[in-house]
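Here is what each chain is made of, one letter per residue.
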Amino acid sequence: MQNTRIFATAFSSVYPHYIQKAEKKGRTKEEVHEIIFWLTGYNENKLQEILDHKTDFKTFFEQAPQINPNVALIKGVICGYRVEEIENELMRNIRYLDKLIDELAKGKKMEKILRTT
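Residues numbered from 1 in each chain as written. Predicted model: local features only at pLDDT ≥ 70, side-chain atom pairs only at ≥ 80, totals over all residues. Heavy atoms only, no water.

- As recorded in an unreviewed UniProt entry, the protein chain goes by the name DUF2200 domain-containing protein, listed as coming from Chryseobacterium cucumeris.

Set out below in structure tokens:
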């Protein structure tokens, strides 16, 4: 997994795709936010600031208040890679977010997505 161009990509350029993917499947922007907040520790105000400033993915994850300690419970394949086997921490965090959004779009319950049950 050598494509590190995503690290310099603005989070705000991918964010609408997360929302669109969820909404196409009858899920909500609020649920996407809940996933982002659970994963990173950000809140609504900080997320808006990130979007407004076009913060890149690298900075987005480096400055995250707290990556959820339950991320190790996220398992499975995303973009052809087993998310739990991705060695680069930043890429793994990006793929964790992708995986959680995929689970939302596939209709999983939020309790399962957020690994609370």
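Moving on from the model shown.
### Structural notes on the packing of helix α1 (residues 11-24) against helix α5 (residues 89-105)
Between two packed helices, both the angle of their axes relative to each other and the distance between the axes serve to describe the pair.
In step 1: As a packed pair, α1 and α5 sit with axes 9 Å apart at the nearest point and diverge in direction by 20 degrees. Here α5 runs roughly parallel to α1, going by the angle between their axes. Contact residues: α1 offers Phe11, Tyr18, Lys21 and Ala22, while α5 offers Leu97, Asp98, Ile101, Asp102, Leu104 and Ala105.
In step 2: Counted by class, the contact of α1 with α5 contains seven nonpolar, no polar and three charged residues. (Axes fitted to C-alpha atoms, helices over the stretch in contact; angles between N-to-C directions. Helix = DSSP H or I, 4+ residues; strand = E, 2+ residues; numbered from the N terminus. Parallel < 35°, antiparallel > 145°, perpendicular 65-115°, else oblique. Contact = heavy atoms within 4.5 Å. Nonpolar A, V, L, I, M, F, W, Y, C, P; charged D, E, K, R; others polar.)

### As for the pattern of salt bridges
In step 1: Counted according to the given criterion, the structure contains eight salt bridges.
In step 2: Among the salt bridges present, the one from Asp102 reaches Lys21, with a minimum N-O distance of 2.1 Å. Taken together, the residues Asp102 in helix α5 and Lys21 in helix α1 connect sequence positions 81 residues apart.
In step 3: Its salt-bridge partner being Arg82, residue Glu84 comes within 2.9 Å of it at the nearest N-O pair.
In step 4: Of the residues examined, Glu84 reaches a relative accessible area of 27% and is grouped as partly exposed.
In step 5: Residues joined in a network through salt bridges with shared partners are Glu103, Lys108 and Arg115. (Salt bridge = Lys/Arg side-chain N within 4 Å of Asp/Glu carboxyl O. Buried < 20%, exposed > 50% of the residue type's maximum accessible area, 1.4 Å probe, protein only.)

### Brief notes about the nonpolar core
In step 1: Core analysis: the biggest nonpolar cluster contains 36 residues, and Phe11, Ile35 and Leu97 have the highest contact counts within it.
In step 2: At the level of secondary structure, the elements contributing two or more residues to this core comprise α1, α2 (29-40), α3 (44-52), α4 (57-62), α5 and α6 (110-113).
In step 3: The biggest single contributor to this core is α5, with eight residues. (Core = buried A, V, L, I, M, F, W, Y, C linked by side-chain atoms within 4.5 Å.)

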